[in-house]
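# Notes for the structure review
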Amino acid sequence: MSLRFEDLAEGQEVPPLARTLGREDLVRYAEASGDRNPLHLDDEAARRAGFPGVIAHGMLTMGHLATCLTRWAGGAERLERLAAPFRAPVLPGDTIVAGGRVRSLDPAGRRAVLEVWVTVQRAGGAEHAIRRGEAVLRL
Amino acid sequence: MNQAVEGKAYPPVRYEVTTEAVRAFAAAVGEDPDRVPPTFLTVPEMTALAQVVADPDLGIDFSRVVHGEQAYEWRRPVLPGDVLSAAPRIERIRSRGGHAFLTVETEIRDRAGEVVALARCTLIERGTG
């Protein structure tokens, strides 16, 4: 069932979508996207760059956020804009949780502007992989 | 990085969208296999960006690069069979806190020349200090 503009309210939350990423997910994303930067595949290269080991592609995290939004909205064609500032690295074993909140509604254009984010849950706490992102849906 | 290359445009790179590539990408980002994920555009975008990061005039050290920010504006959904062209242009280069920030806008058009999407990528070249 597709989301209707009439069902939206300011402040409404997007149902969060969680996914735990393993090393094999990073490899699969590297193959599918063609982004084989060693930062995502080679612990030694990642350590030389100052990380504890390989980190997930920012675009894998953003792709998960887009999946969360298009599932809720009922189709990729409803997403007009998505902006994602990457704030913290995601490591294998982390669970990422995508979410968002309706910030404003434009009934004339049938558009909703959302603040969107992805948090990282790991032992010892949570932080934002994507913080203060913005999405525009047209319904 | 050399700030003098701000505004530099690069030739468009051709990219053909295949069902196989879409399925592999959809599986990687947890999307249904028969849907084209919106961020699939990163594939033609990154193909086009390869010539930017390899440009000796820019002088970026890719081993110190992380992805700082990414934005897309879609004008229409991407479909299997689309033949896209992705043309990057260096929008700005800035230094802040010992790091250098490179923002590239890539215009993605279809075979008819219509704009499919605009992509804006900010890469951070981390300082050595």
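The paragraphs below set out a description of the structure included in this document. Please read all numbers here as calculations on a predicted model, not as lab measurements. (Residues numbered from 1 in each chain as written. Chains lettered and ligands numbered in written order. Predicted model: local features only at pLDDT ≥ 70, side-chain atom pairs only at ≥ 80, totals over all residues.)

### Describing the overall build of chain A
Broken down by element type, chain A carries 3 helices and 5 strands. Reading the secondary structure of chain A in the N-to-C direction produces β-α-α-α-β-β-β-β. Projected onto its principal axes, the C-alpha positions of chain A cover 55 × 30 × 25 Å. Relative to its full complement of 139 residues, chain A shows a buried share of 40%. For chain A, the share of sequence-separated contacts (at least 6 apart) that also reach a separation of at least 24 residues comes to 64%. (Helix = DSSP H or I, 4+ residues; strand = E, 2+ residues; numbered from the N terminus. Buried ≥ 20, exposed ≤ 12 C-beta atoms within 10 Å, placed from the backbone. Contact = placed C-beta atoms within 7 Å.)

### Quick word on the overall build of chain B
Broken down by element type, chain B carries 2 helices and 5 strands. Helices and strands in chain B line up, N terminus first, as β-α-α-β-β-β-β. For chain B, the spread of C-alpha atoms along the three principal axes comes to 45 × 30 × 20 Å. For chain B, the proportion of its 129 residues judged to be buried stands at 35%. The long-range fraction of contacts in chain B, counting pairs at least 24 apart against all pairs at least 6 apart in sequence, stands at 70%.

### Some points on the sheet that holds strand β2 (residues 65–74) of chain B
Spatially, β1(A)-β3(A)-β4(A)-β5(A)-β2(A)-β2(B)-β5(B)-β4(B)-β3(B)-β1(B) is the arrangement adopted by the 10 strands of the open sheet, whose pairing is antiparallel. Both outer strands of the open sheet, β1 (13–20) of chain A together with β1 (13–16) of chain B, are each paired with one neighbouring strand and no more. Averaged over all pairs of adjacent strands, the angle between strand axes in this sheet comes to 20 degrees, irrespective of strand direction. For β1 of chain B and strand β3 (residues 83–96) of chain B, the ladder comprises 4 bridges, and the chain directions are antiparallel. Looking at the pairing, E16 of chain B lines up with V83 of chain B of β3 of chain B. (Pairing = 2+ DSSP bridges. Axes fitted to C-alpha atoms, helices over the stretch in contact; angles between N-to-C directions.)

### A few points about the interface of chain B and chain A
Facing 26 residues of chain B, the contacting portion of chain A comprises 28 residues. Secondary structure elements with two or more residues in the side of chain B that touches chain A: α1 (19–28), α2 (42–53) and β2 of chain B. When the residues that make up the side of chain B that touches chain A are grouped by side-chain class, the tally is 13 nonpolar, 8 polar and 5 charged. Direction of pairing for strand β2 (residues 79–85) of chain A relative to β2 of chain B: antiparallel, over a ladder of 5 bridges. Pairing of A83 of chain A across the sheet is with A71 of chain B, part of β2 of chain B. (Nonpolar A, V, L, I, M, F, W, Y, C, P; charged D, E, K, R; others polar.)

### Overview of the environment of E69 of chain B
Position of E69 of chain B relative to the elements: it lies in strand β2. For E69 of chain B, a count of 20 C-beta atoms within 10 Å translates into the label buried. In the structure, E69 of chain B is positioned 17 residues away from A86 of chain B in sequence and 19 Å away in space, judged by C-alpha atoms. Residues contacting E69 of chain B, with those up to four places away along its chain left out, are A84, P85 and F86 of chain A together with T122 of chain B.

### A few points about the packing of helix α1 (residues 23–33) of chain A against α1 of chain B
Packed helix pairs are characterised by how far apart their axes lie and by the angle those axes make with each other. At a closest axis distance of 9 Å, the pairing of α1 of chain A and α1 of chain B adopts a crossing angle of 155 degrees. Taken together, the axis directions place α1 of chain A and α1 of chain B in an arrangement best described as roughly antiparallel. The two elements α1 of chain A and α1 of chain B meet at a crossing, and its hand is left-handed. Here α1 of chain A contributes R28, Y29, E31, A32 and S33 of chain A to the contact with α1 of chain B, which in turn contributes A24, F25 and A28 of chain B. (Parallel < 35°, antiparallel > 145°, perpendicular 65-115°, else oblique. Left-handed = near helix turned anticlockwise from the far one by under 90°.)

### Notes on the nonpolar core
Counting 69 residues, the largest nonpolar core has L65, L69, L79 and I130 of chain A together with F25 and L41 of chain B as the members making the most contacts within it. By residue number, the principal contributor to this core is helix α3 (residues 58–73) of chain A, which donates 9 residues. (Core = buried A, V, L, I, M, F, W, Y, C linked by C-beta atoms within 7 Å.)

### Regarding α3 of chain A
Residues and elements named next belong to chain A. Over its 16 residues, α3 runs 22 Å from end to end, which matches the ideal 22 Å to within 8%, given 1.5 Å per residue. The buried fraction of α3 is high, at 15 of 16 residues. Remark: G74 follows α3 within two positions and exhibits a positive phi of approximately 90 degrees. (Expected span 1.5 Å × (residues − 1).)

### Overview of α2 of chain B
In this model α2 of chain B runs 15 Å from its N-terminal to its C-terminal C-alpha over 12 residues, within 8% of the 16 Å that 1.5 Å per residue would give. Of the positions making up α2 of chain B, those classed as buried are T42, V43, P44, E45, M46, A48, L49 and V52 of chain B.

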